[in-house]
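# Observations on the model geometry
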Amino acid sequence: MSRAGKTYPVSYTEEEWRRRLTPEQYAVLRGHGTERPGSCALLHETRPGTFVCAGCGQKLFSSAKKFDSGTGWPSFDSPEPGAIETSEDRSYGMIRTEVHCSQCGGHLGHVFPDGPPPTGLRYCINGVATIFVPD
């Protein structure tokens, strides 16, 4: 995927992405979709481990950084270093900060400035865009 002319280290044709991902993963990661709130089992995942990109396997978030935001999506106060990139999202008549994987460009969710200390950030992530790997 190319975003504003950027080529990512992990790249496939759209046909290859469709074969590699489930329809729901494809809709979110490649189509910038959003899963229904409360619909993902990873929302309630509390074991020690790492949430990795469902598109490329890059480590994105440690379970130690996860918190219950009450929004219906897995939320984290910070990502793994270098794991994500952000861009401006002007869809749906709003201005938000989109979060995407730095290795494949897959859409993960959005980041908001209403999280807990120490960062004050809430990375609101589609669970279907990640895979949980227990420690």
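Keep in mind the model is a prediction, meaning the values are calculated, not measured.

Rules of the game
Residues numbered from 1 in each chain as written. Predicted model: local features only at pLDDT ≥ 70, side-chain atom pairs only at ≥ 80, totals over all residues. Heavy atoms only, no water. Helix = DSSP H or I, 4+ residues; strand = E, 2+ residues; numbered from the N terminus. Rg over C-alpha atoms; globule rule 2.2 N^0.38 Å. Buried < 20%, exposed > 50% of the residue type's maximum accessible area, 1.4 Å probe, protein only. Contact = heavy atoms within 4.5 Å. Areas by Shrake-Rupley, 256 points an atom, 1.4 Å probe, with all protein chains shown as cover. Lys, Arg positive; Asp, Glu negative; His and termini not counted. Charge placed at Lys NZ, Arg CZ, Asp CG, Glu CD. Core = buried A, V, L, I, M, F, W, Y, C linked by side-chain atoms within 4.5 Å. UniProt positions renumbered as here; feature names shortened; annotations may be inferred. Pairing = 2+ DSSP bridges. Axes fitted to C-alpha atoms, helices over the stretch in contact; angles between N-to-C directions.

### Remarks on the overall build of the protein
Looking only at helices and strands, the protein has two helices and 11 strands in total. The C-alpha radius of gyration computed for the protein amounts to 14 Å, which stays within 12% of the reference 14 Å derived for 135 residues, consistent with globular compactness. Dimensions of the protein along its principal axes, counting C-alpha atoms only, are 40 × 35 × 30 Å. Counting over 135 residues, the protein shows a buried share of 47%. The long-range fraction of contacts in the protein, counting pairs at least 24 apart against all pairs at least 6 apart in sequence, stands at 54%. In the structure as shown, the protein presents an accessible area of about 7000 Å², 53% of it carried by carbon and sulfur atoms. Across the protein, 14 positive and 15 negative side-chain charges occur, with their mean positions spaced 2 Å apart.

### A word on the environment of Leu42
Position of Leu42 relative to the elements: it lies in the loop between helix 2 (23–29) and strand 3 (49–53). Once the C-alpha coordinates of Leu42 and Thr130 are considered, the two residues, 88 residues apart in sequence, prove to be 8.6 Å apart. Setting aside residues up to four positions removed in sequence, Leu42 forms contacts with Phe51, Lys66, Pro74, Gly127, Thr130 and Phe132.

### Observations concerning the nonpolar core
Core analysis: the largest hydrophobic core is formed by 25 residues, its most contacted members being Leu60, Phe61, Ile84, Leu108 and Tyr123. Taken together, the elements giving at least two residues each to this core come down to helix 2, strand 3, strand 4 (59–62), strand 8 (96–101), strand 9 (107–112) and strand 10 (122–125). Broken down by element, this core gets its largest block of residues, three residues, from helix 2. Apart from the residues lying within four places of it in its own chain, the contact partners of Phe61 are Gly49, Thr50, Phe51, Phe76, Ser78, Pro79, Glu80, Ile84, Tyr123 and Ile125.

### Side note on the UniProt feature "domain: MsrB" (unreviewed entry) in the protein
The UniProt entry lists residues 14–135 under the feature "domain: MsrB" (unreviewed entry), expressed in the numbering used here. Annotated as 11% helix and 33% strand, the span residues 14–135 places its first and last C-alpha atoms 32 Å apart.

### Quick notes on the pairing of strand 3
For strand 3, the buried fraction is high: five of the five residues fall into the buried class. In terms of strand pairing, strand 3 meets strand 11 (residues 130–134) through five bridges, oriented antiparallel. Following the sheet pairing, Cys53 is matched in strand 11 by Thr130. Hairpin connection from strand 3 to strand 4: five residues lie between these consecutive antiparallel strands, with Gly57 at a positive phi of about 85 degrees.

### Focus on the sheet that holds strand 9
Read across the sheet, six strands follow the order 5-6-10-9-8-7 without closing on themselves; strand pairing throughout is antiparallel. Each having just a single partner strand, strand 5 (66–67) and strand 7 (84–89) make up the two edges of the open sheet.

### Details of the sheet that holds strand 4
As summarised here, the arrangement of the three strands in space is 4-3-11, forming an open sheet in which the pairing is antiparallel. Each end of this open sheet is capped by a strand with a single partner; those strands are strand 4 and strand 11. Across the sheet, the axes of successive neighbouring strands diverge by a mean angle of 30 degrees, strand direction being ignored.

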